[in-house]
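The lines below spell out each chain.
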Amino acid sequence: MEWEPVIGLEIHVQLLTRSKIFSGASTAYGAPPNTQACAIDLGMPGTLPVLNEAAVRLAVKFGLAVEAEIARRSVFARKNYFYPDLPKGYQISQYELPVVGKGHLTIHLDGREKRIGITRAHLEEDAGKSLHEDFHGLTGIDLNRAGTPLLEIVSEPDLRSPEEAVAYMKKLHQLVVWLGICDGNMQEGSFRCDANVSVRPLGERAFGTRTEIKNVNSFRFVERAIQFEIERQIRVLESGGTVVQETRLYDADRDETRPMRTKEEAFDYRYFPDPDLLPLVISEDFIEEVRRELPELPEARYRRFIEQYGLKPYDAEVLTATRALSDYFEAVVRQAACDPKLCANWVMVELSGALNRAGLEIDQSPVDADRLAGLLRRIADGTISGKIAKQVFELMWDSGKDADTLIEEKGLKQITDAGAIEKIIDEIIAANPKQVAQYRAGKEKLFGFFVGQVMKATQGKANPQQVNALLKEKLQGGG
Amino acid sequence: MHTKTLAELAQGLKRREFSSRELTQHFLDRIRRHDGTLNAFITVTPERALADADAADVALDRGEGGPLTGIPLAQKDIFCTDGIRTTCGSRMLDNFPPPYDATVVARLAQAGTVLLGKLNMDEFAMGSSNETSYYGPVRNPWNTDCVPGGSSGGSAAAVAAGLTPAATGTDTGGSIRQPAAFCGITGLKPTYGRVSRWGMIAFASSLDQGGPMARSAEDCAMLLQAMAGFDPKDSTSVDRPVPDYGAALDRDLRGIRIGLPEEYFADLDPAMAQVLEAAMAEYRRLGVEFKAVSLPNIGLSVPAYYVIAPSECSSNLARYDGVRYGYRCRDPRDLEDLYLRTRAEGFGAEVKRRILIGTYALSAGYYDAYYLKAQKIRRLIADDFRRAFQEVDALLGPTTPTPAFRLGEKTGDPIAMYLSDIYTIAVNLAGLPGMSVPAGFIDGRPVGMQLIGDYFAEDRLLNIAHRYQRETDWHRRLPPEFA
């Protein structure tokens, strides 16, 4: 039987606010344990939460970016359970009435586009961390993270393969970083994923029983965990068994998922509206204000790059991977005023390659858009060849000087004086009678040899088109 | 000095007839002498009190300070006091010194008051007799075999016995008004949101409200003036100007209409009815008109309350887990053992009962039938009051069905205990302001009349109570043993 996987993702996005969602304590990562937890974060008696408006603003920003309904009135609820890193014994979350309603996100996969539904996104507070190492059989509790604002983004069960799930996750990651609402740092837990997975016979409309894989924190592991889980469920069903609704943990070392708790063991969270917080009421003005702050979104910019610059979809996708990269590319195009495809190639190949080798981000690039544009202008106007340009680029990278200065200093200006090139060609023809004879006898691949000799003699500065034309003429002319 | 009202004490201090230190020492002496009998205090803070008093005297000597400068007060031990242990009447917090002041504490300190200590109360404010306190019951100064009421029993007893000129209390279902009635003092539960809950240890967040307990309406007005107002640290506090409560006290009552809820008088004890009749007669002389009104859903208050309050409490008290502060069981074997024994040993029976009720009521499959239903009833009750206040300026009824009962009389019967709040609970469910005003005695034990006002009509309530107190002296009476 052929099986169809059905996947939905719940992604927890840490929002980039300076202070916590219900207290004034800092959200900065990496401080010594429990130094960024105030009385409210510690759940001290008599303390009360006050909602951080900045978190609401970021949530609304996300909602608008996925064209979702923004709830004019949403409600914070308490999710009750006991755990040592949950100081109040409940997590303040949104349950029945979330701030962001139905929206959608478009993913690109193998040249196809697919619209993935977003069910909802709600605000909640993060818990602290339990540290099981270094405490000799005890558990350490670090509450620095407690109260950090999270936006939990729940997708519709629209994903049909591990690849689609990862494409969606990456697209969402790109968007929240693009919007500046999340730093996207997956190692530090700023972007975490739970996956709901089920399988059904292809063509069947009803969903199969699903399992939930908790807290998978890299794109690669999400893909592998889902793949494993799909195969496991198919094995179970094909051997006549039934899938048990349960929560499973992914073990990256063994590349398998393991049961954590079954439906029967599932917590009863006893949700009820938090009486310490009034319903969150969002005005039209607030929404419009946030809407005005929205940047051009990645999908729109992707389409514009294709349309406006004639880029190939793949190139447009690469160049809109991050807002900073796409901004850089556009700055280069604007200032170089030459073929956008040349700009695209340089940004994607030379620049990105150099950045990768140096382990730098685009906004740390030693060559800024202005200087790269200066270099590309010299390629476009024939001052230097593409090959020389690579040399100049390396020099720019190391020196901080601009292209014109380097071309001047190093004497790299292309030789386009036909007379000068002819003179060199004549010398080379004279110096290599044997090769000339062979070429003229039909060994045409020797042409490359002559080009090489000319380039060597001019240290690569001769205009390649002119060299080709003149060489051809001279070599044939002699015959 | 312990027989004077706050206004009288303030005048004496201002005129330097006595210093705040002398006044404070007087009350500290009375606490030492009498509190062995009453058990109204959990913690007495003499050093802090005398330091506060000295600071107040410096201000007063310079002719500075406000109406409360140098006045000694005691705080119900539910209000967090920076560096001073705050137990909430529970073993769970026996060792808990908060690193912050409740807003109420901070505001009263800012107003120049002197902190005498922390007052006994039912554990986590759950009780109507002060018998659930880990620190033992408080006794009623009028009859030490009787309870002072609860949960603010320590506050009521201490004020009645002249161990403090005034105190703070909190009221979730009657915890200011019922003990005020039992002890013959005046207590005001403000509109929900009028007084900040920051630093006030939560029992049921949507019902809890702090308020003043004192000898008179005038004293309550002075205290409320300092306590009330918006607090950015409490999202449920209301950003609305605080009126001048003192200025409203003497307003004429002619033409005022007071409603008499039929349901409050239907099965009323005849002695209590007589007390209220006498009070009404007094009011008629002041030009008040009475009108019968109906609150048809009021009979559902106690059941609705005993779903909502325990539900919220089951969640509010989840933080007491032995992990970060407060009581922790000895040598926990593992996490589960830590939770189970800490909470089994740290909480008393009544608190556990309510956590169990609340946990049940919020459980999957029961939520709609209990919690949601109770919230709907709550809305109906609030609507009943809303309709009544379209016709009248205030409501009058009994605070309690009976005067103070004997210690131990109801501890074996939780339902009977819960029913002692039958007249006060609806006010909390609706979020309205309510007062208890001493109105007479039954068998030598004081009883109170309850005045209920519209939202934020504390000024009107205080006015109605004050004009009554200008004509009567019930609030001036002192328990003989403590005179």
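Residues numbered from 1 in each chain as written. Chains lettered and ligands numbered in written order. Predicted model: local features only at pLDDT ≥ 70, side-chain atom pairs only at ≥ 80, totals over all residues. Heavy atoms only, no water.

**A few points about the overall build of chain B**
Phase 1 of the analysis: Within chain B, the regular secondary structure consists of 17 helices and 11 strands.
Phase 2 of the analysis: For chain B, the C-alpha radius of gyration of 21 Å lies close to 23 Å, the compact-globule estimate for 483 residues.
Phase 3 of the analysis: Of all 483 residues assigned to chain B, the portion counted as buried reaches 65%.
Phase 4 of the analysis: In chain B, the share of contacts with a sequence separation of at least 24, taken over all contacts with a separation of at least 6, comes to 76%.
Phase 5 of the analysis: Both charge centroids of chain B, one from 53 positive and one from 59 negative side chains, sit 1 Å from each other. (Helix = DSSP H or I, 4+ residues; strand = E, 2+ residues; numbered from the N terminus. Rg over C-alpha atoms; globule rule 2.2 N^0.38 Å. Buried < 20%, exposed > 50% of the residue type's maximum accessible area, 1.4 Å probe, protein only. Contact = heavy atoms within 4.5 Å. Lys, Arg positive; Asp, Glu negative; His and termini not counted. Charge placed at Lys NZ, Arg CZ, Asp CG, Glu CD.)

**Quick notes on the sheet that holds strand S3 (residues 76-80) of chain A**
Residue and element names in this part refer to chain A.
Phase 1 of the analysis: A sheet is described by the order of its strands in space; here 3 strands give the open sequence S4-S3-S14, paired in antiparallel fashion. Only two strands of the sheet have a single partner each, and these edge strands are strand S4 (90-94) and strand S14 (272-273).
Phase 2 of the analysis: Pairing of S3 with S4 involves 5 bridges; the strand directions are antiparallel. Bridge assignment links Arg-78 to a residue of S4, and that residue is Ile-92. (Pairing = 2+ DSSP bridges.)

**A few points about the interface of chain B and chain A**
Phase 1 of the analysis: Listed as interface residues are 38 residues of chain B and, on the opposing side, 30 residues of chain A.
Phase 2 of the analysis: Summed over both partners, the interface of chain B with chain A buries about 2,700 Å², with 60% contributed by carbon and sulfur atoms.
Phase 3 of the analysis: There are 1 salt bridge connecting chain B and chain A.
Phase 4 of the analysis: Our count for the chain B to chain A interface comes out at 17 residue pairs in polar contact (both at pLDDT 80 or more).
Phase 5 of the analysis: At 5 residues, helix H11 (residues 301-316) of chain B tops the list of elements feeding residues into the side of chain B that touches chain A.
Phase 6 of the analysis: Taken together, the residues of the side of chain B that touches chain A break down into 20 nonpolar, 11 polar and 7 charged. (Buried area = accessible area lost by both parts, 1.4 Å probe. Salt bridge = Lys/Arg side-chain N within 4 Å of Asp/Glu carboxyl O. Polar contact = N/O pair within 3.5 Å; in protein donor to acceptor, adjacent residues only side chain to side chain. Nonpolar A, V, L, I, M, F, W, Y, C, P; charged D, E, K, R; others polar.)

**Remarks on the side chain of Arg-301 of chain A**
Phase 1 of the analysis: The residue Arg-301 of chain A is located in helix H5 (residues 298-309) in this model.
Phase 2 of the analysis: A distance of 2.5 Å separates the side chain of Arg-301 of chain A from the side chain of Asp-327 of chain A, its partner in a polar contact.

**Considerations on the environment of Asp-158 of chain A**
Residues and elements named next belong to chain A.
Phase 1 of the analysis: Its place among the elements puts Asp-158 in the loop between strand S9 (149-155) and helix H2 (162-178).
Phase 2 of the analysis: For Asp-158, a relative accessible area of 24% corresponds to the partly exposed category.
Phase 3 of the analysis: For the pair Asp-158 and Ala-225, spaced 67 residues apart in sequence, the C-alpha to C-alpha distance is 18 Å.
Phase 4 of the analysis: Beyond its immediate sequence surroundings of up to four residues, Asp-158 is in contact with Ile-7, Lys-114, Arg-115, Ile-116, Gly-117 and Glu-164.

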